[in-house]
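Read off the chains here:
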Amino acid sequence: METGLMAEASRLLALAEAGMKKQLKLAKYAPAKASQFPPGTEWELLHSDSVILLGLTHALSESYMGYLQCLYAMNSAHSKYSKLYKTVYPNGLQDYATPAASGANSRAASIRSEASGSSSQVTVPKPAKSGFFSRFTGATLTVPTTPSAPVVAEEGSIDELILSGTAFGYGLFNLVFSLLPAKIRGVVGFLGFNHDRKLALQSLAVSAARSDVHSVFAGLSLMTYHGVVLLLSGYQADEAHIIRQYRAIVDKLEARYPTGSLWILNRAKILRMSYDPDGAITVLQDGLKPGRPHTFAQADGLLIFELAWTLLSQRRYQEAADTFIKMTEINSWSHGTYYFIAAGCYISLGNYEKAQELLDRIPDLIDKKKIGGKDLPTEVFIKKKLAFYREKQLALTGSEANFAHAAKISPAEELGIFWNTHARITKETAIGHLKDWATCLNPPPTIETALLKEHVLSLTSPSPTTPGASPADTPDELAIRSLLLGIVHRTAGDFAGARAFLGDAEARHATVQVSTWVGGVAWFEHAVLDLKEMEARAAAEIVDGAEWGRVLKGALEKLDKALSLATQQVDLSSRLDSRIAMLKDEIGLKREMLGLSA
């Protein structure tokens, strides 16, 4: 992200919040009633918008402090969206249209609608002073009557603004809270902050079906979420529905704004998630051609970022390196991270001189760009890896010079684990990775799999004690190798081989010194493996609900193990926390689809 623009966004949103408060106080003196809702509802909505968007801006820092600041803003927004939701949607959302068919109503909303088909009046508590515990006082707008049927609003009217904005804000509030790391959610869980991700997504879909400005942001939120879930959750209970709604939203917004770069981005993501990476690359490259209108530089930056990762996933290392370096010309976010990934691409190409040149520049790049005086989570990871390579090179040669040679597994591929780069690639690409990783370290793997027998001729190597033999590589590298081999075996459809290597990565976790994240990620990937294997079986044969239940229960147990290892001291643990939360939601949805009890 653009850190300078994020700071400016925070400033402007704070000013907007103050302005909305002033208008809200003046609304009760307004002479005319232009809405079917109580006077001032539109200003209450806009004030709530500014609060939740300010909180979201804090969360984008991906730091624990940012998450806590987001949580504080969300506490303020909770009671606001609660009263708006009860006012605007007293009978729920089921009678309102969405861009594509939504799933069944949620089992438990964090803010329940107060449906009352036989009553024409609802008793609403008086407004209470806002504060951290205000959500327990029931602060709401004074509503003399409650409509018993869906509100019909003309396009462009204040009522449409209220209907769309309330659904957007309520949905975004619940969605953001559901995506916070478990540790942060647990801080105030005892206060009753529950989330319902499915109802949140339905709310956003209701907003996205309308035509006001909120509908555009609701569509963007849904596209972003669907893209993240398809990329990072590892497994989806109903992938076809996600892609169908994702595509419907992109179609709607593209028809409205045909030259928008964000729709190009999301069309490419849909192709990538549909296992057509070459098609995604073509769409992105066409979207970046000079002849196209380029009115939103930050959106073009997202196209370049997506292109870089997609090229990396296809082992097109030179193009990927060039594209990651180009990112430094587009935005100011962590140039050290872009250089680190590009250096990894050059290591994969065997160009250690160029890789070393990039690695040598990273410390200064990181020191120049800090958020709140602290390194970004990815930069903490990178600094540890650089120290690891230097220490290994010193042990091998007596000097830290040319330490890029110590990196036997590309750091770009290693960082790609956190972006789930190796999950939605072709079998041919997975086999290319397998050949590299099975032969890059000493000693070679002792695990035998069908894929290794077919594609790697020999896994024998001289003993480290043999004269002239390469010294044994470190426990950290061996654990990372097993993790990567487990992931690509799963991608290539060799579930037995994947299970063997992921189990080996889990066992090696106790021996790692620097890469303490390996254990948690290995257990997470193991849970994904169980679900993917069961899904493949269910597509080929009849599987009863009891067997599904055992697999889902086992996957949840593995996720609990992963979460227990993702402590705050572990690199990029907040990202793993979020992935675990997403996958648990998918497991819950699968239970519901199968009619299984929780």
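Residues numbered from 1 in each chain as written. Predicted model: local features only at pLDDT ≥ 70, side-chain atom pairs only at ≥ 80, totals over all residues. Heavy atoms only, no water.

**Brief notes about the nonpolar core**
- Among the nonpolar cores identified, the biggest contains 144 residues, and Leu-312, Leu-483, Trp-517 and Leu-583 are the most heavily contacted of them.
- Take this core: its biggest share by element is ten residues, from helix α21 (residues 518-540).
- When neighbours within four sequence positions are excluded, Leu-312 is seen to be in contact with Tyr-317, Ala-320, Phe-324, Ile-341, Cys-345, Ala-412 and Glu-413.
- By size, the runner-up hydrophobic cluster in this structure holds 14 residues, among which are Phe-37, Val-88, Ala-167 and Leu-199. (Core = buried A, V, L, I, M, F, W, Y, C linked by side-chain atoms within 4.5 Å. Buried < 20%, exposed > 50% of the residue type's maximum accessible area, 1.4 Å probe, protein only. Helix = DSSP H or I, 4+ residues; strand = E, 2+ residues; numbered from the N terminus. Contact = heavy atoms within 4.5 Å.)

**Notes on helix α19 (residues 475-491)**
- Compared with an ideal rise of 1.5 Å per residue, which puts 17 residues at 24 Å, α19 spans 25 Å between its outermost C-alpha atoms and is within 8% of the ideal.
- The buried fraction of α19 is high, at 16 of 17 residues. (Expected span 1.5 Å × (residues − 1).)

**Quick word on the pattern of salt bridges**
- According to the stated counting rule, one finds 29 salt bridges in the structure shown.
- Here Arg-11 ties to Glu-8 by a salt bridge, and the two come within 2.8 Å at their closest N and O atoms. Placement of both Arg-11 and Glu-8 in helix α1 (residues 3-27) is noted, with a separation of three residues, approximately one turn of the helix.
- Arg-11 sits in the partly exposed class, given a relative accessible area of 43%. (Salt bridge = Lys/Arg side-chain N within 4 Å of Asp/Glu carboxyl O.)

**Here we look at the confidence of the model for the protein chain**
- The share of residues in the protein chain with pLDDT of 70 or more is 83%, and the mean pLDDT across the chain is 83.
- A low-confidence stretch, residues 102-147 (pLDDT under 50), is modelled with 92 contacts involving residues beyond four sequence positions or located in other chains. (pLDDT = per-residue confidence, 0-100.)

**Here's the deal with the packing of helix α13 (residues 335-349) against helix α15 (residues 377-397)**
- One can describe the packing of α13 onto α15 by two numbers: an axis separation of 9 Å at closest approach and a directional angle of 45 degrees. By the angle between their directions, the pair α13 and α15 is classed as oblique. Relative to α15, α13 is oriented so that their crossing is left-handed. Across from Gly-336, Thr-337 and Phe-340 in α13, the residues of α15 making contact are Thr-378, Glu-379, Phe-381, Ile-382, Lys-385 and Leu-386. (Axes fitted to C-alpha atoms, helices over the stretch in contact; angles between N-to-C directions. Parallel < 35°, antiparallel > 145°, perpendicular 65-115°, else oblique. Left-handed = near helix turned anticlockwise from the far one by under 90°.)

**Some remarks on helix α14 (residues 352-368)**
- Its 17 residues give α14 an end-to-end C-alpha distance of 25 Å, which sits within 8% of 24 Å, the value for a rise of 1.5 Å per residue.
- The largest bend in α14 amounts to roughly 35 degrees and is located at Ile-362, with the proline Pro-363 lying one to four residues further along.
- Those residues of α14 hidden inside the fold are in contact with α12 (317-330), α13 and α15. (Bend = angle between axes of the 7 residues up to and from the residue.)

**Some points on the side chain of Arg-210**
- If you trace the backbone, Arg-210 turns up in the loop between α6 (197-208) and α7 (213-232).
- Look at Arg-210: it is buried, it has no salt bridge, and the nearest opposite charge is Glu-160 at 4.5 Å.
- Not counting chain neighbours up to four residues away, the residues in contact with Arg-210 comprise Tyr-96, Val-151, Ala-153, Glu-160, Leu-163, Ser-164, Ser-215 and Lys-252. (Lys, Arg positive; Asp, Glu negative; His and termini not counted.)

**Points about the environment of Arg-292**
- Structurally, Arg-292 can be placed in the loop between α10 (277-287) and α11 (297-313).
- Separated by 33 residues in sequence, Arg-292 and Thr-259 place their C-alpha atoms 8.1 Å apart.
- Ignoring any residue separated from it by four or fewer positions in sequence, one finds Arg-292 in contact with Thr-259, Gly-260, Ser-261, Ile-264, Asp-286 and Gly-287.

**Overview of the packing of aromatic side chains**
- Scanning the entire structure with this criterion turns up 14 aromatic pairs.
- Site record: aromatic cluster; members linked through ring pairs are Phe-305, Trp-309, Phe-324, Trp-333, Tyr-338 and Trp-419.
- Lys-385 extends its terminal NZ or CZ atom over the ring of Phe-388, reaching a point 4.7 Å from the ring centre.
- We note Arg-575 situated over the ring of Trp-419; from NZ or CZ to the ring centre the distance is 4.2 Å. (Phe/Tyr/Trp six-rings, centres within 6.5 Å; stacked < 30°, edge-to-face > 60°. Lys NZ or Arg CZ within 6 Å of the ring centre and 35° of its normal.)

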